[in-house]
Each structure stands twice: as C-alpha cells, then as structure tokens.
Amino acid sequence: MTRYLLTRLRQSLITLFLVSVVVFAGIRALPGDPALALAGEERSPEALAAVRESYGLDDNIAVQYGRYLTRALTGDLGTSSRTGLPVADAITEALPVTLELAALSLLLAVVIGIGAGVVAAVRRGRPEEWLANAIALLGLSVPTFWLGMVLVLAFAVALPVFAASGYVPFTTDPLDNLRRMVLPSIVLGSGLAAVVMRQTRAAMLDSLSADYVRTARAKGLTRRQVIGGHALRNSLVTVVTVLGLQLGHLISGAVVTEQIFVLPGFGKLTIDAVFTRDYATLQAVVLCTATAYILINLLVDTVYSVIDPRIRLGGAR
C-alpha cells in the first residue's frame, strides 16, 4: 500500500512541475505586453521601464520562472495588478466558497446518482428504470444557466424559500449559508447526478450478470447482501472514476453558476482576472485549478486501492 501511494505521489509531483512550466509559459505567451496593462493608459517610457523592473519583466524567461517557482513554493503567488493585494489572500477568500459549492453538489450527485443508478439496474425494464433514465436525460440536456434562472424565479421570487444571490460563511450563519447555497448546488450537481446515474446503472448491469454474483446468490445470500456487498462494491471503481474527473470539473467549471448566483468564488475571481488582464491572479488561478485536478486524481487512485486490492498490487509492481 505504501509503495503504491509513493509511486502515485511521485508521478503527481512530476505532473505538477510540468503544469507549472506550461502555465507560466502560457501566460507569457498571451498577446500584449503585461507592462502596458500594469502601467495604465497614460504611460511613459519611464513608467514602463519602472514597471518592468519592479515585476522582473526585463529578465529572461528562465530567471522569471525560477523566481516564480521559488516564491510559489513559499506561498507567495504575486500581487494583483487590479487590487494591489497579494494574490494568495484573494484565493484564500474565494476558494472556500467554490469548495463548499463543489462539496454540496458532489453530495447531491452521489446520493441521487448512485441511488437512482442502482434502482434502474435492479428494476431493469420496469417503470422505475424508465423514470430514472428520463430524469438523467433531462439533467444532461438542460443548460446550467437556464436551470439557474428557473430555480431563482420559482424558489427565490415566486416562493421566497431560498436566497437568490450573495454568500454568507457557514461559520457566521449556518442556516443563511444553506439558504444561499442550496439552489447553486442543485444547478451544479444536477448534471453530475445524471452522469453518475448512467455510469452506475451500466456498471451495476455488468456486475449483476457476473459469475461471482450468481455464486453469491447460490450460496443463499440475501438480495441486499448480493446488491450492496458484491455488485455495488465492484461497480464503484467506475463510479469513483467519474466522480474524480467531475469533481475537478466542478471546481473549475463553477464559473457560470457563480455568476448567476453572485457568489464570490473561484469562478468570479477568474472572470475578473481575465477581463482586467491581471496576469498574476490568472496564473495563480490556473495553477491552483491544475493542482486540484492532480490531488483529486491522487485521491481517486488511493480510493481505487481500497475498493479493489488488485489495483493496489498491480500498481506497486
């Protein structure tokens, strides 16, 4: 187990290093001179030279990357040209909002998606399966922005049960926090729930027709034991893969949802950085998003080894 995790950790660190190189080079490859955006509209050659010297833009690309990597390892992600504040502080404020939204959306997707997928597989060819497939198709087809506006009109305007916008930290007021996060979580989690449901159903159908399930039934195990202890457990490898990939997508793809519900999360920070050409913030946002993907994949690999020991033993060799 330890050898397997160390192998995956080493691969993750190498990937993270390569990502940092690509992100740094990609930001520098954007059209335009960063010094022109930083110096403002009324700029003089002296001001441009001062900006380049202040931000180290007059050094070669290798020196700039070495300085950037050294500062990033110590938690210094630079200074925002838009606000003049440290980028790390902006990310510290925005990231908890997006993480909470992603966690609630993931919880909704797991509960509804896995439950509906199991029911659809067990009740194959019956009305329960047709209903689950219809709901999943609806969840995959409805655009996020349209669903968000409909939910706001229905449950924040017509029936003022939930709040339509804004954010209150959970530690400040838990109830008000949930009132503001329920609708965004439904919008962001509905599509993921549909994907999880379809994948769970397909994996369960394969498991229910496998030899080990027939053997478990022949041994006299109850229906609950066969479905939960054998078929579902072996189907979770596929489900965990989908959840791992989609969780990274939730963190990086919450831009539309956060714009609809005016949440001060990672999505809004990214949009502001793009429109104001805030290179330091944009660079840090992309790097943090890539890091989240890598950490999630490392977590998925760890869960694989718990669900199926064959993966752990095979990956350690």
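Reference entry: report on the structure contained in this document. What you see is a predicted model; the values in this text were computed from it and never measured.

**Quick notes on the overall build of the protein**
Okay, so step 1: In terms of helices and strands, the protein carries 14 helices and zero strands.
Okay, so step 2: Along the protein, from the amino end to the carboxyl end, the secondary structure elements read α-α-α-α-α-α-α-α-α-α-α-α-α-α.
Okay, so step 3: In the protein, which comprises 317 residues, the proportion classed as buried is 37%.
Okay, so step 4: If you take every contact in the protein between residues at least 6 apart in sequence, the share linking residues at least 24 apart comes to 73%.
Okay, so step 5: Here the protein has roughly 17,200 Å² of accessible surface; of this, 66% comes from carbon and sulfur atoms.

**Digging into the packing of aromatic side chains**
Okay, so step 1: Across all of its chains, the model carries four aromatic pairs by this definition.
Okay, so step 2: Geometrically, the ring pair formed by Phe17 and Tyr65 is edge-to-face, given 6.4 Å between the ring centres and 70° between the ring planes. Within this pair, whereas Phe17 is found in helix α1 (residues 2-28), its partner Tyr65 is found in helix α4 (residues 61-73), the two being separated by 48 residues in sequence.
Okay, so step 3: Ring geometry for Tyr65 versus Tyr68: centroids 6.2 Å apart, planes at 50°, classification tilted. Of this pair, Tyr65 and Tyr68 both sit in helix α4, three residues apart, which is roughly one turn of that helix.
Okay, so step 4: Residue Tyr65 is classed as buried on the basis of its relative accessible area, which comes to 15%.

**Quick look at the packing of helix α6 (residues 127-141) against helix α8 (residues 174-208)**
Okay, so step 1: Orientation of α6 relative to α8, taken along the N-to-C sense of each, is 140°, at an axis distance of 8 Å. It follows that α6 is oblique to α8 by the angle criterion. The handedness of the crossing between α6 and α8 comes out as left-handed. Taken together, the residues of α8 that come into contact with α6 (itself represented by Glu129, Ala132, Asn133, Ala136, Gly139 and Leu140) are Ser190, Gly191, Ala194, Val195, Met197, Arg198 and Arg201.

**So, the packing of helix α7 (residues 144-158) against α8**
Okay, so step 1: α8 packs onto α7 with a crossing angle of 150° between their chain directions and a minimal axis gap of 10 Å. Taken together, the axes of α7 and α8 lie roughly antiparallel to each other. Handedness of the α7/α8 crossing: right-handed. Judged by residue contacts, Thr144, Leu147, Gly148, Leu151 and Phe155 of α7 engage Leu183, Ile186, Val187 and Ser190 from α8.
Okay, so step 2: Among the residues making up the contact of α7 with α8, the classes are represented as six nonpolar, three polar and no charged.

**Here's the deal with the pattern of salt bridges**
Okay, so step 1: For the structure shown, the criterion picks out five salt bridges.
Okay, so step 2: Its salt-bridge partner being Asp176, residue Arg179 comes within 3.1 Å of it at the nearest N-O pair. On the criterion of helical spacing, the pair formed by Arg179 and Asp176 is a turn pair, its members being three residues apart in helix α8.
Okay, so step 3: With relative accessibility at 17%, the residue Asp176 sits in the buried group.
Okay, so step 4: One salt bridge in this structure joins Arg180 and Asp176, with 3.3 Å as the shortest N-O distance. Of the two residues, Arg180 and Asp176 are both situated in helix α8; the distance of four residues between them amounts to about one turn of the helix.
Okay, so step 5: Counted as one network, the salt bridges with shared partners bring together Asp176, Arg179 and Arg180.

**A word on a nonpolar patch on the surface**
Okay, so step 1: Residues Phe145, Trp146, Met149, Val150 and Val256 make up a contiguous nonpolar surface patch of roughly 470 Å² in combined accessible area.
Okay, so step 2: The biggest single contributor to the nonpolar patch is α7, with four residues.
Okay, so step 3: Tracing the sequence through the fold places Trp146 in helix α7.

**So, helix α5 (residues 87-122)**
Okay, so step 1: With 36 residues, α5 extends 50 Å from end C-alpha to end C-alpha; this agrees with the ideal 52 Å at 1.5 Å per step.
Okay, so step 2: A maximum bend of about 30° is found in α5 at Ala94, where proline Pro96 lies one to four positions downstream.

So, how was this worked out
- Residues numbered from 1 in each chain as written.
- Predicted model: local features only at pLDDT ≥ 70, side-chain atom pairs only at ≥ 80, totals over all residues.
- Heavy atoms only, no water.
- Helix = DSSP H or I, 4+ residues; strand = E, 2+ residues; numbered from the N terminus.
- Buried < 20%, exposed > 50% of the residue type's maximum accessible area, 1.4 Å probe, protein only.
- Contact = heavy atoms within 4.5 Å.
- Areas by Shrake-Rupley, 256 points an atom, 1.4 Å probe, with all protein chains shown as cover.
- Phe/Tyr/Trp six-rings, centres within 6.5 Å; stacked < 30°, edge-to-face > 60°.
- Axes fitted to C-alpha atoms, helices over the stretch in contact; angles between N-to-C directions.
- Parallel < 35°, antiparallel > 145°, perpendicular 65-115°, else oblique.
- Left-handed = near helix turned anticlockwise from the far one by under 90°.
- Nonpolar A, V, L, I, M, F, W, Y, C, P; charged D, E, K, R; others polar.
- Salt bridge = Lys/Arg side-chain N within 4 Å of Asp/Glu carboxyl O.
- Patch = residues over 30% accessible without salt bridge, like charges linked within 9 Å, V, L, I, M, F, W, Y side chains within 5 Å.
- Expected span 1.5 Å × (residues − 1).
- Bend = angle between axes of the 7 residues up to and from the residue.

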